[in-house]
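Summary of the model geometry
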Amino acid sequence: MAVSSSSSLLPRCLLAAALALCAAATMGAAQAVTRKYHFDVGMTSVTRLCGTKSMATVNGQFPGPTLFAREGDHVEVDVVNNSPYNMSIHWHGVRQLLSGWYDGPSYVTQCPIQPGQSYVYRFQIVGQRGTLWWHAHISWLRATVHGPIVILPPAGVPYPFPAPEREVPLMFGEWWRNDTEAVIAQALQTGGGPNVSDAYTMNGLPGPLYACSAKDTFRLKVKPGKTYMLRLINAALNDELFFAVANHTLTVVDVDALYVKPFAVETLIIAPGQTSNVLLTAKPDYPGARYYMLARPYTNTQGTFDNTTVAGILEYEHQDPATAKNLPIFRPTLPQINDTNAVANYTAKLRSLASAAYPATVPQVVDREFLFTVGLGTHPCAPGSPVNGSTCQGPNGTSRFAASINNVSFVLPTTALLQSHYTGMSKGVYASNFPFAPPHPFNYTGTPPNNTNVMTGTKALVLPFGTAVELVMQDTSILGAESHPLHLHGFNFFVVGQGFGNYDPAKDPAKYNLVDPVERNTVGVPAGGWVAIRFRADNPGVWFMHCHLEVHMSWGLKMAWLVLDGNLPNQKLPPPPADLPKC
C-alpha cells in the first residue's frame, strides 16, 4: 500500500481509494469533500506460523483497509457487524470535534454494535495531517481489527519537507496462535498475567526470523537516491517497539498526525497507539545488498513478554531476481530490551514545528492542575478462593492483578457514559468524583506500600468547557516500574515536561518547555518517572483516557474526562444520531 505526497499526488496515485483523492486534487483547494467507506466485520481464516485460525477482520483483510482523506475532509464509514462479537471502531487520534458520538470506545461513547447490526461513523478531519489509525475498541479484538488512516494536506499545500518519492504505511502488530478473546478471558478469570503473543508482524507478516515464515515477509523495494516516507503505526496489543533499518538513517517528520522539527535517528521507539512518519533516503548507488528492517520490544516488565523480533527486508530495484536471494543481508543493532535511557534520549528530541503556519498553541497559564498515579496493583482473591487456586494466580499467588489511576481501577458500565451524561441519567452509571490527586501520597518510585490493593469504581472527572489543564502522570513501582503509553481520546496535548523519580512540584515546572513541546495523542509515562501534559478542554463530551497496553487497560488502567458544554452554540454536544447502537 502506498500513496504519494500532496505535491506529486496526481500522477502517482495507485490505490483505488487514493484515486478519489487524485480526482479531488484537480479541483484545487476549494472545499472539503466527504469520503465514504464500507466496513464489513466478519470472520476470516488466516494462516501464519504454519497454522490457520479464524479471526475477526474488516473486509477480509489483515491488516484492514486504509482510509484516505485530506485535512478538512468529512469521513463516513458504514460498519456492518457480521462477526459473532459485539463490535465498535475507534478512529484513533481523530479529534472528533463535536462528534463524540462517533469516537467508538464501547460503553464510553456508544454501546457496541451487536452481531447483525450496523452503525455509520461520521466525523471531520480538523487540523491534522499525517498518519492515524482505526481499531476495534472492545475487549482484545483490535488484535486483528485495525488499519491505517492516511491524512494528506489540503490539495495544493506542500509538506514542510521535501516530497518523498513514495509513501508506505508500515503497521506493527502481534500474532497469537490462540484466540485473543480466550487469552484475556482466561487471564481475567485466573487473576494472573495473560499468555503472550507468538510473533510480531509488519503489515500482517511475521518475517523470516520466525519458523515457517520466510514467504510471509514484508518487502520494501526502493530506487537508489530516492526518498521514501514510512508511515509507522504500532498496533501491537501489549508492547512498545524499537525500530531500525540496517545501514539507513531515519528522519522523523511527524508524530500522531502533527509535524515535528525533523531530526535523524538510527533507531526509534514507538508505543502502542502511536504513529510516526519517517523519511528514508536510499543509497545513491545500487549497493548489491539487502537490509533488514527490524522491530522488537522495549519493556521493563517483571513478567513474561514476547521477546522475539519481526523482520522486513529493504531491497533495491533493478537487481537480477536470480541473484537477489544470494545478496548479503545486513542487520541493524537495536538497543537492549530494557534500555530506558535510549527511550528517554529519543523522546527528548521530539519538538513541535512551532512555525507561523503550524504554531504550537501551548496553554501558558493553566486553570486546573492534576496529579495522576498510574501503575499496577492488586485485587484480593475472590471470596472463598484458595490461595494459589485457579482464581488467584496474581502476584505471589496470593492476589489478582489490577491496574489503576489514582488508586481507582476503572470498571466499564453496562450502558454508555456519554448517553448517560447527555440524558442526565447518570445515577447508578458513573460518579463525578474522580480524585484529582493520589488519595494517599507515598514514595511512588521507592519502596512500595504494604497494601497494594486498589479500589474499583466508575468515576469521571468533570471539566468546564475551555478549561486549561495541566496533568502530571506519575508511574509507580508498586509491582515494578513500567512504562505506560497513555492515550487521551478527543484531544491532542502538549508534552511540556518529563523526568525520572518522583515529580517535584516545587522544582520540575521550572524546566518545562512551553515554546515548542511535542503535540500528540499518546505519550509514554516513563518507567519509574513522570510526564507532564497540557491541553485545553474545548471539546464537549465524555472522553476516555487509558493505557494502550491492552492487558493494563483490561486490568483497569483507564478513566474518563467529562467536558461540559460551553455557552455558545458551537460549544455544545449535538444530540445523538438516530442509529446510535443500544445496549
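Residues numbered from 1 in each chain as written. Predicted model: local features only at pLDDT ≥ 70, side-chain atom pairs only at ≥ 80, totals over all residues. Heavy atoms only, no water.

Looking at an unreviewed UniProt entry, one finds the protein chain named Laccase, with Hordeum vulgare subsp. vulgare as its source organism. Note on the protein chain: under the UniProt heading Sequence similarities (unreviewed entry), the record states "Belongs to the multicopper oxidase family." Recorded under Subcellular location (unreviewed entry), the UniProt text for the protein chain is reproduced unchanged: "Secreted, Extracellular space, Apoplast". (UniProt positions renumbered as here; feature names shortened; annotations may be inferred.)

Here we take up the side chain of Asp-103. Among the structural elements, Asp-103 can be located in the loop between strand 5 (89-92) and strand 6 (118-124). The charged side chain of Asp-103 is buried without a salt bridge, its nearest counter-charge being Arg-95 at 9.4 Å. Polar side-chain contacts of Asp-103 include one of 2.7 Å to the side chain of His-489. The contacts of Asp-103, once residues within four sequence positions are left out, are Ile-89, His-90, Trp-91, Gln-96, Thr-109, His-489 and Trp-543. (Helix = DSSP H or I, 4+ residues; strand = E, 2+ residues; numbered from the N terminus. Buried < 20%, exposed > 50% of the residue type's maximum accessible area, 1.4 Å probe, protein only. Lys, Arg positive; Asp, Glu negative; His and termini not counted. Salt bridge = Lys/Arg side-chain N within 4 Å of Asp/Glu carboxyl O. Polar contact = N/O pair within 3.5 Å; in protein donor to acceptor, adjacent residues only side chain to side chain. Contact = heavy atoms within 4.5 Å.)

The next thing to look at is empty space enclosed by the protein. Evaluation of the coordinates by the stated rule reveals 3 cavities of 30 Å³ or more. Taken as a whole, the largest cavity holds about 40 Å³ of empty space. Val-255, Ile-269, Ile-270, Gln-274, Thr-275, Ser-276, Tyr-346 and Arg-520 together form the lining of the largest cavity. Secondary-structure elements contributing two or more residues to the lining of the largest cavity are strand 16 (267-270) and strand 17 (275-281). (1 Å grid on protein atoms, 1.4 Å probe; cavity = no way out; pocket = protein on both sides within 12 Å on 5 of 7 lines; lining within 4 Å. Points joined across faces, edges and corners; volume = space filled by probe spheres on them.)

What follows covers the UniProt feature "domain: Plastocyanin-like" (unreviewed entry) in the protein chain. Under the feature "domain: Plastocyanin-like" (unreviewed entry), the UniProt entry names residues 41-154, 167-318 and 434-565. The span residues 167-318 shows a helical share of 7% and a strand share of 47%, and its end C-alpha atoms are spaced 20 Å apart. In residues 434-565, the share of helix is 4% and the share of strand is 42%. The end C-alpha atoms are 19 Å apart.

Another aspect to go through is the environment of Val-411. Of note, Val-411 is situated in the loop between strand 23 (408-410) and helix 6 (417-423). When residues no more than four places from it in sequence are discounted, the contact partners of Val-411 are Thr-456, Gly-457 and Thr-458.

Counting across every chain of the model gives 3 disulfides. Put simply, Cys-111 and Cys-583 are joined by a disulfide, and their sulfur atoms are 1.9 Å apart. Torsion about the S-S bond of the Cys-111 and Cys-583 cystine: about -100°, corresponding to left-handed handedness. In this pair, Cys-111 is assigned in the loop between strand 5 and strand 6 and Cys-583 in the segment after strand 33 (558-563), connecting sequence segments 472 residues apart. The disulfide that involves Cys-381 links it to Cys-392, with 1.7 Å between the sulfurs. With Cys-381 in the loop between strand 21 (368-379) and strand 22 (400-405) and Cys-392 in the loop between strand 21 and strand 22, the pair connects residues that are 11 residues apart, well separated along the chain. (Disulfide = S-S within 2.5 Å.)

All right, on to the packing of aromatic side chains then. Within this structure, the stated rule accounts for 29 aromatic pairs. For the ring pair Phe-372 and Trp-561, a centre distance of 5.6 Å and an interplane angle of 25° mean the geometry is stacked. Of the two residues, Phe-372 sits in strand 21 while Trp-561 sits in strand 33, which places them 189 residues apart along the sequence. When sorted by exposure, Phe-372 lands in the same class as Trp-561, which is buried. Between Phe-491 and Phe-535, the aromatic rings sit 5.3 Å apart at their centres with planes inclined by 45°, giving tilted as the arrangement. Pair noted here: Phe-491 is in the loop between strand 27 (484-488) and strand 28 (493-500) and Phe-535 is in strand 31 (residues 529-536), with a separation of 44 residues, a long-range link. There is no split in this pair, since Phe-491 and Phe-535 are both buried. What links up through ring pairs into an aromatic cluster is the set Phe-370, Phe-372, Phe-434, Phe-436, Phe-491, Phe-535, Trp-543 and Trp-561. (Phe/Tyr/Trp six-rings, centres within 6.5 Å; stacked < 30°, edge-to-face > 60°.)

An α-helix turns once every 3.6 residues. As a result, residues three or four positions apart point the same way. Taken residue by residue, helix 5 (residues 340-347) has Thr-340, Val-343 and Tyr-346 as its buried positions. Here the buried residues of helix 5 occupy an arc of 125° about the axis, which is enough to place them on one side. Set apart from the buried face of helix 5 by more than 90 degrees, the exposed residues are Asn-341 and Asn-345. With a side-chain oxygen positioned 3.4 Å from the backbone nitrogen of Asn-341, the residue opening helix 5 is Asp-339. (Arc of directions from axis to C-beta.)

The assigned domain composition of the protein chain is domain 1 (32-156), domain 2 (161-352) and domain 3 (368-571). If you average the C-alpha positions of domain 1 and of domain 2, the two centres end up 22 Å apart. Summed over both partners, the interface of domain 1 with domain 2 buries about 3000 Å², with 65% contributed by carbon and sulfur atoms. At the level of elements, strand 1 (34-48), strand 2 (51-58), strand 7 (130-136) and strand 8 (146-152) are the ones that each hand at least two residues to the side of domain 1 that touches domain 2. Among the elements that make up the side of domain 1 that touches domain 2, the one with the highest residue count is strand 8 (6 residues). Taken together, the residues of the side of domain 1 that touches domain 2 sort by class into 17 nonpolar, 9 polar and 4 charged. (Domains from an automatic or database assignment. Buried area = accessible area lost by both parts, 1.4 Å probe. Nonpolar A, V, L, I, M, F, W, Y, C, P; charged D, E, K, R; others polar.)

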